[in-house]
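Topology and contacts: notes
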Number of protein chains: 2
Amino acid sequence: MPLQDDTSHHPIGVFDSGIGGLTVVAALQKHLPHENIIYIGDTARVPYGGKSQATVTRYSQEITTLLLAEKAKMIVIACNTASALALPTLTNFYPLPIHGVIEPGAFAAVKATRNGRIGVIGTRATITSQAYQETIYRFSPNVHVLSSACPLLVPLVEEGLFEDDITRRILERYLEPMLLEGIDTLVLGCTHYPLLKKLITHIIGPYVTLVDSAENCAMAVESLLAKNHLARHGTPSTDLEVLLTDTSEDFLHIAARALQIKITKIRISSLE
Amino acid sequence: MPLQDDTSHHPIGVFDSGIGGLTVVAALQKHLPHENIIYIGDTARVPYGGKSQATVTRYSQEITTLLLAEKAKMIVIACNTASALALPTLTNFYPLPIHGVIEPGAFAAVKATRNGRIGVIGTRATITSQAYQETIYRFSPNVHVLSSACPLLVPLVEEGLFEDDITRRILERYLEPMLLEGIDTLVLGCTHYPLLKKLITHIIGPYVTLVDSAENCAMAVESLLAKNHLARHGTPSTDLEVLLTDTSEDFLHIAARALQIKITKIRISSLE
């Protein structure tokens, strides 16, 4: 049963382990300019990418409960690791629409590939979970998926080294084996990675299609809101409230500037 | 008042945000071969280096309480960030000897310098706290301290890239400005960094003295145990129990191998 229409003015609740999920917020604002957004970054426990399924699921439940208290009308898990490890549990546990970033990215990759060879990059936990691989095979069993865990990219992005020579060298090391295997499509399986788009595009060249799961997630959220009669109409809203579980404002401002996002309000709230 | 002698067979409780503090354990085992050790790595919330004083202090209190439940006779904070941000609170809060890694490193640096120019490298939180700078000035007000936050080193160490060309280039970028300023002593202000000793020594050359706070901390712990009548005598013990707050065994095994540490028992225990 769809939720009541009068909740349509409530915000979309978006969360990530840290600040990286703002790339999803930027895509949501572009596709859904009428929606208010509340974003939680779990900066007290960032990063999730090297942690276990049990721990990431527990953290994701705590954050989702917090978003419910903020009257979120739906939840977007703007974190590939949490989408990969916690989505099924969250969907069973909470009575509102919840969307992750894996399925939209996987679907877009299957649509984009011409030679059936797709590369996926992400955190160690995302890649180990095989979530992208399994979702892609579900859409298209004959596709060949090559994946690579890229644990150094998140720290480099958080330092703001989006176009640094060291970032380029590390990216080359991660990407070249997949390029040699002939991928024609590359999924950015971590919400930090769109900030490296310029360097990645330069390395993979014009014949490999880049799939940005943030962008595809925003389009999927648009359909989900419509289907559940939850879309907000009227004047465009740019309300974006950011709640962090610890002070970590440096990277917040770097990312907001790079993504041209305007934050309406910042709150810090310890989880305990 | 010293604690009772009969607690001398209890373990030394050592903690770190993650696995890096095993460098302190290796030094303790070398200097104090009679002591049992219990080590807690807060891998569910690692790293501490970019987090706030309030958060790091709260985490450190939770871990110390856990070590007390494990009958630790004293606490060694084998984490520069927690030593810099949480030591005064822990010392006020708990009725047993607690030792951090900052003071021993600062003291050793003051003894080592010939030209009065000391470099300190550490996490962003450690460097921002000014804990090394203030401690060094307390020992010797005329020394000039240059410090540099090196946030990319911990991720590189956790990937096991101890001698990689990329690690060398990042280290050069962090160290060269301090070398140009004429430092003759460099403090490794993070427990991960001793694993980079070989590369760092190569970059700084033979005229700069390297101060490893792990090594100096072990010597300070030796005095503290003797002063409090807590030293264990008898047959050498190599009991080392490791308790992690999340599964993260990859780096545990890399570090244990690199440091030639033998772990007797590993337990995983969620904090909640």
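Since this is a predicted model, take the numbers as computed values, not measurements.

A word on the overall build of chain A
Across its full length, chain A holds eleven helices and ten strands. Against the globule reference of 19 Å for 272 residues, chain A gives a C-alpha radius of gyration of 18 Å, in line with a compact fold. Expressed along its principal axes, the backbone C-alpha trace of chain A runs to roughly 50 × 40 × 40 Å. With 272 residues in all, chain A has 53% of them scored as buried.

Remarks on the pairing of strand β3 (residues 74-77) of chain A
All names here are of chain A. On β3, burial covers both faces: M74 and V76 on one face and I75 and I77 on the other are all buried. Bridging between strand β1 (residues 12-16) and β3 involves four bridges; their strand directions are parallel. Counted as the bridge partner of I12 is M74 from β3. In terms of handedness, the path from β3 via helix α3 (residues 80-93) over to strand β4 (residues 98-99) forms a crossover that is right-handed.

Digging into the domain arrangement of chain A
Residue and element names in this part refer to chain A. Considered domain by domain, chain A is made up of domain 1 (5-99 + 216-268) and domain 2 (102-213). The C-alpha-based centres of domain 1 and domain 2 are spaced at 22 Å. Taken residue by residue, the interface counts 25 residues in domain 1 and 25 residues in domain 2. Breaking the side of domain 1 that touches domain 2 down by element, the ones donating at least two residues are α1 (22-31), α3, α10 (213-227) and α11 (249-259). A per-element tally of the side of domain 1 that touches domain 2 places α3 first, with five residues.

Some points on the relation of the copies chain A and chain B
For these two chains of identical sequence, chain A goes onto chain B by a turn of 180° and a shift of 0.0 Å along the axis, with RMSD 0.0 Å. A rotation of that kind, with that shift, is consistent with a two-fold axis. For chain A, the minimum C-alpha distance to the rotation axis belongs to R45(A) and amounts to 2.4 Å. Interface overlap between copies: 100% of the residues of chain A at the interface are likewise at the interface in chain B, consistent with a symmetric, same-surface contact.

What counts and what doesn't
Residues numbered from 1 in each chain as written. Chains lettered and ligands numbered in written order. Predicted model: local features only at pLDDT ≥ 70, side-chain atom pairs only at ≥ 80, totals over all residues. Helix = DSSP H or I, 4+ residues; strand = E, 2+ residues; numbered from the N terminus. Rg over C-alpha atoms; globule rule 2.2 N^0.38 Å. Buried ≥ 20, exposed ≤ 12 C-beta atoms within 10 Å, placed from the backbone. Pairing = 2+ DSSP bridges. Right-handed = clockwise from strand over helix to strand, strands pointing away. Domains from an automatic or database assignment. Contact = placed C-beta atoms within 7 Å. Least-squares fit on C-alpha atoms with pLDDT ≥ 70 in both.

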